[in-house]
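# Chain and residue survey
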Amino acid sequence: MSTEFSHRPVVIINAKDADVEVIHPQLAVLMIDNKVAGGKRYLDVGAFCYKCRGRSGAHQVGSPVDLSSLDYARIPVVQGLIEHLRRKVSSATTASEFEAISRFIEWIDTQEQPYAFDDLVSMKKAYGDYTQHLLHRMNSSGINGQSIKSGTAWDYQRAARGVVILATGLSEPEVKGVATHIPRNDGQARHVNLKLPNSDVQARTFAVLVNFIDEAHRLLVQGGAFPLHLVSPSGESIYLYSDHVGTEKSKNANFSLSLLLAASPAFPTWAEVKSNFLFVGDGASTKVENAIYGRARKRYSRNNDDMRSHLRQRIGAHAVTAGALAFIAATSCNLSVAQNLEVDTLEIVPTSQGNRFSGTKGRAKGKVVYPEFGVRFAPVFKKYLELRNWILNGAESTLVFPIPSAQYGFVVVGNNHIKALKSLITKALPNTGWVTPTQWRKNVSYQYLRLSGGDMALAAEKLGNTEATLRQSYSRPALEDFAAEMTVFFESMHQAAIDRTRFVERIPVRITDERRPEAATGIGACEKVPETDPKRAQGFTAQAPTPACGAPETCLFCEFYAVHADEQDIRRLLSLRYLIQAIKHKQPVDHWQSKFGPSLHRIDEVLSAMQDADGSIEATINRVRNEVESGDLDTFWSIHFDTLVTVGAVS
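Below you will find a few notes about this structure.

Trans peptide bonds make up most of the peptide bonds, and negative phi angles are found at most residues other than glycine. F226 connects to P227 through a cis peptide bond whose omega is 15°. Tracing the sequence through the fold places P227 in the loop between α6 (199-221) and β4 (228-231). Non-glycine residue L278 carries a positive phi angle of around 60°. Look at L278 and you get exposed, because its relative accessible area is 71%. One non-glycine residue, N393, lies in the positive phi region at around 55°. Positionally, N393 belongs in the loop between α13 (378-392) and β12 (403-405).

Right, dumping it as structure tokens:
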């Protein structure tokens, strides 16, 4: 097919003239009023009959087309579109509808796969594929300029549906049933939340926030020395000597002191720097590098000597922001409530679900609220309060989360502060996800609803919302959690004893020495290559849990599961075991044994394999077991435990 465009003869039709009959739809151009410019606007609907079209010039009526690309199957469809557009009440509505229709037809004509307008199956596929395209754009980052909001996607899908109805003769309900219906706004959604990070990402991000608070407390309150040691549950680790992370340019430079410092728990000597970069002697060739090193060393010494240096105060501001986000994650309060939260009694009080830390008050929709969180978060919050005192430095502020301001004294945590912390953490720990305040609230809200057995009234009361608000905005899980949440893991266990889940008494455990951050899971490591699907290890029967990459609990039964015989993985395994044991009193004994027994047995089998490989590790297992039973759980499983406590599943 040629790509030479030419201007075809056109027939201009006044959209308001109902008496004019369209004889040749492929030539029709609708004329409407252009109230903004005070003239006329021309909509070349007839050009849709051609598969190849160009853009019309500023003073041209009608788009240039490739005359050989005329598709006769489109002519009756375009005839219907013309009548559809002529029925619109206003010119603005007509123009908007034309734009939405043209989006769909332009999309069809840019696809490698052709879609036939006179074929029912083909048009249904076009509608389904276009819907997938719109959903992808709704959930894209927007970096490439293609992101759209749900209202826009709804409008584009509606217009596409109209075209398909004209082409196929199907009814609107029949076309709607072909693909996912995009709601006009998020409040109308009934499907999973595609934008909500899964519980694994949220737990890891929460752990990083707590780690930042711990390190800031060591540095500021305890007067510790730089560097800041940031650690993620995914295995990432970095040492920060400032609140700036090296750029890609600096990382790829021949001499990058920032890259060396990021891996150095102590500031290196000049001899160590020369050895690292293979410098020889102290001649002119290393003069510039020596000067750079000297300036960095002076900054390092100054920041360690001056307990209220500018860098320490910036770290303090980041710590306040981290404290606010962790507080939102623990209480599910809104960002606006957390921003304006005021200090009250700051004491532990009894509630219907056990002891809770209270003592803060805020306002939400005109009423005073007292956000609460579980006792397991209390040590973190108490540590934050000591950081807050360091920030205030004797000054007064009623804000729970005050940010120092040279102009205004103390201000609330704003979006710029959250963006600054996000930039620092995501650059320092690139494999760690980021969770926004809204996403924290949606996550905790969904957990309340899920673990309360779908009790909307109870969850709404806990969150201070109406049932309608909860149903519209907070009751949809993340996509991964929808497929593989802990409750799904529990319910997937068959009503069978341990001996019905395995063919043999002992099933081997793979123990590895290599620790790769990208292979880390909630209970060990995964040695599966990306193109391989998870599958049961040899020895397990069909009654054993089915391994699923979205549910780290099921990794125990996977052929690709591996474990490190170290304290970190021992704590993860024993934390999962502790969590399962904690809900035992809420379940009938026989039901609990058949449902959770295989997992407990497998955890014990893994720990036993560790002892067989290294007899000296038994002391570590016993010590970690005592620590876990005293409440020192692995951070990832601690978040799940806190949620169970909050909703009363664990007391």
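Moving on: the sheet that holds strand β1 (residues 11-14). Sheet strands associate in pairs through backbone hydrogen bonding, adopting either a parallel or an antiparallel arrangement. On the basis of which strands lie adjacent, the open sheet formed by three strands has the order β1-β2-β3 and mixed pairing. Either end of the sheet is taken by a strand with one partner, and the two such strands are β1 and β3 (39-43). Between one strand and the next, the sheet's axes are offset by a mean angle of 35°, whatever the strand orientation. Across five bridges, the pairing between strand β2 (residues 28-34) and β3 is antiparallel. Each residue of the ladder has a partner; that of N34, found in β3, is G39.

As a further point, take the packing of aromatic side chains. Within the structure shown, the criterion is met by 17 aromatic pairs. Here the aromatic rings of F277 and F279 are separated by 5.9 Å at their centres, their planes lie at 25°, and the arrangement is stacked. Its guanidinium or amino end placed over the ring of W154, R158 lies 5.9 Å from that ring's centre, counting from NZ or CZ. Its guanidinium or amino end placed over the ring of W390, R308 lies 3.9 Å from that ring's centre, counting from NZ or CZ.

Once that is clear, we can look at the state of the cysteines. Per the stated rule, a full pass over the model turns up zero disulfides. C555 carries a free sulfur, and the closest cysteine sulfur to it, the one in C526, is 6.4 Å from it.

Here we take up the pattern of salt bridges. Under the definition given, this model contains 32 salt bridges. Salt bridges sharing common partners tie together R53, D71, R74, E106 and D109.

Turning our eyes to something else, we now look at the packing of helix α11 (residues 310-331) against α13. Orientation of α11 relative to α13, taken along the N-to-C sense of each, is 145°, at an axis distance of 10 Å. In terms of crossing hand, the pair formed by α11 and α13 is left-handed. Seen from α11, the contacting residues are R312, Q313, G316, A317, A319, V320, G323 and F327; seen from α13, they are F381, Y384, L387, W390 and I391. Residue composition of the contact of α11 with α13, by class: nine nonpolar, three polar and one charged.

Below, the discussion takes up the nonpolar core. If you look at the biggest cluster of nonpolar residues, it comprises 68 residues, and the most contacted ones within it are F381 and F401. Take this core: its biggest share by element is 12 residues, from α11.

Further remarks concern the sheet that holds strand β16 (residues 524-526). Read across the open sheet, the four strands follow the order β14-β17-β16-β15; overall the sheet is mixed. Only two strands of the sheet have a single partner each, and these edge strands are β14 (510-511) and β15 (520-521). Of the strand pairs in this sheet, β15 and β16 are connected by two bridges, and their pairing is antiparallel. For A520, the partnering residue across the bridge sits in β16 and is A525. Running at roughly 120° to strand β17 (residues 561-563), helix α20 (residues 567-582) makes contact with β15, β16 and β17 of the sheet.

What counts, and at which threshold
- Sequence order as written defines the numbering, with residues in each chain counted from 1.
- Totals for whole chains, interfaces and linings use all residues, but because this is a predicted model, local features are given only for residues with pLDDT of at least 70 and pairs of side-chain atoms are given and counted only at 80 or more.
- The side-chain figures draw on all heavy atoms in the structure; neither hydrogens nor water molecules are used.
- Strands here mean DSSP runs of E at least two residues long; helices mean DSSP runs of H or I at least four residues long; both are numbered from the N terminus.
- Working definition: with a 1.4 Å probe on protein chains only, accessible area under 20% of the residue-type maximum means buried, over 50% means exposed, and in between means partly exposed.
- Think of it this way: DSSP has to see at least two bridges between two strands before they count as a pair.
- Lines are fitted to the C-alpha atoms to define the axes, a helix being fitted only along its stretch in contact, and any angle between axes, read from their N-to-C directions, falls within 0 to 180 degrees.
- Aromatic rings from Phe, Tyr and Trp, taking only the six-membered ring of Trp, are treated as a pair when their centres fall within 6.5 Å; an angle between ring planes under 30 degrees marks them as stacked, one over 60 as edge-to-face, and anything in between as tilted.
- Whether a charge lies above a ring is judged from NZ of Lys or CZ of Arg, which has to be within 6 Å of the ring centre and within 35 degrees of the ring normal.
- Any pair of cysteine sulfurs within 2.5 Å is marked as a disulfide.
- Counted as salt bridges are all cases of a side-chain nitrogen of Lys or Arg within 4 Å of a carboxyl oxygen of Asp or Glu.
- By the definition used in this description, the sense in which the near helix is turned from the far one sets the handedness, with an anticlockwise turn below a right angle giving left-handed and a clockwise turn giving right-handed.
- Residue contacts are defined here by distance: any two heavy atoms, one from each residue, within 4.5 Å place the two residues in contact.
- Three classes are used: nonpolar for Ala, Val, Leu, Ile, Met, Phe, Trp, Tyr, Cys and Pro, charged for Asp, Glu, Lys and Arg, and polar for all others, with Gly counted as polar.
- Among buried residues, the Ala, Val, Leu, Ile, Met, Phe, Trp, Tyr and Cys ones that are joined through side-chain atoms within 4.5 Å form a nonpolar core.

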